[in-house]
Amino acid sequence: MAQERKPTSSPSIEVGKEWLYHFMQRNPELSLRIPEATSLARASALNRPNIAAFFKLLNETVRKTKATAFSIFNLDESGCTTVQRVPKVIASRGQKQVGQITSQERGELITMCGIVSASGLAVPQF
């Protein structure tokens, strides 16, 4: 039978960098990551029914218009803010994306858009 561990913490002892280092060593499935800033509206809208509805509409539109790879374009915007910084968090190792809800009250956002067709034709960045 396994022995029950008694708590060893005391109110006078603070947890520091050394504790975190050893905690991470004991839990190799975790890694220290910087989460992507995600607005509450975007996080709420990213769900299975919304994604299914998007792809159903996309499929219907491609069939109806008989679109080819040369007429289907994707626009991807990338931006960086002049103020907000998100703290690092501990997340499961191998997780592709880690998000954190942020406020849009301050700072400027500088945005770059890239547009590429399904055939590989690229529009100059703007």
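Details of the structure are given in the entry above.
What you see is a predicted model; the values in this text were computed from it and never measured. (Residues numbered from 1 in each chain as written. Predicted model: local features only at pLDDT ≥ 70, side-chain atom pairs only at ≥ 80, totals over all residues. Heavy atoms only, no water.)

### Comments concerning the packing of aromatic side chains
Just so we agree on the cut-off: Note on aromatic contacts: the rings of Phe and Tyr and the six-membered ring of Trp form a pair at centre separations within 6.5 Å, being stacked when their planes are under 30 degrees apart, edge-to-face when over 60 apart, and tilted otherwise. Think of it this way: any DSSP run of H or I at least four residues long counts as a helix, any run of E at least two long counts as a strand, and we number them from the N terminus. Think of it in three bands: residues with accessible area under 20% of the maximum for their type are buried, residues over 50% are exposed, and the middle band is partly exposed, with areas taken using a 1.4 Å probe on protein chains only.
In this structure the tally under the stated criterion is two aromatic pairs. Taking the centre distance of 5.1 Å and the plane angle of 15 degrees together, the rings of Trp-19 and Phe-23 count as stacked. Of this pair, Trp-19 and Phe-23 are both found in helix 1 (residues 17–26), four residues apart, which corresponds to roughly one turn of the helix. Among the residues examined, Trp-19 registers a relative accessible area of 42% and is labelled partly exposed. According to the relative accessible area criterion, Phe-23 is partly exposed, its value standing at 23%. Relative to Phe-55, the ring of Phe-54 has its centre 5.0 Å away and its plane inclined at 80 degrees; by these criteria the two rings are edge-to-face.

### A look at a nonpolar patch on the surface
Put simply, the rule is: The patches reported here contain residues having more than 30% relative accessible area and no salt bridge. Joining distances are 9 Å for like charges and 5 Å for nonpolar side chains (Val, Leu, Ile, Met, Phe, Trp, Tyr). Surface exposure here means Shrake-Rupley accessible area, sampled with a 1.4 Å probe, where a residue is shielded only by the protein chains that are shown. Just to be clear on terms, a salt bridge is a Lys or Arg side-chain nitrogen sitting within 4 Å of an Asp or Glu carboxyl oxygen.
A surface patch of nonpolar side chains, amounting to about 460 Å² of accessible area, comprises Val-15, Trp-19, Leu-20, Leu-32 and Ile-90. Here Val-15 shows up in the segment before helix 1. For Val-15, a relative accessible area of 60% translates into the label exposed.

### Here's the deal with unusual backbone geometry
Apart from glycine, the bulk of residues carry a negative phi angle, and the bulk of peptide bonds sit in the trans form. Its identity as a non-glycine residue notwithstanding, Lys-66 has a phi of 55 degrees, on the positive side. Looking at the element boundaries, Lys-66 is found in the loop between helix 3 (48–65) and strand 3 (73–81). The class for Lys-66 is exposed, based on a relative accessible area of 71%.

Taken by themselves, the reported measurements are silent on function.
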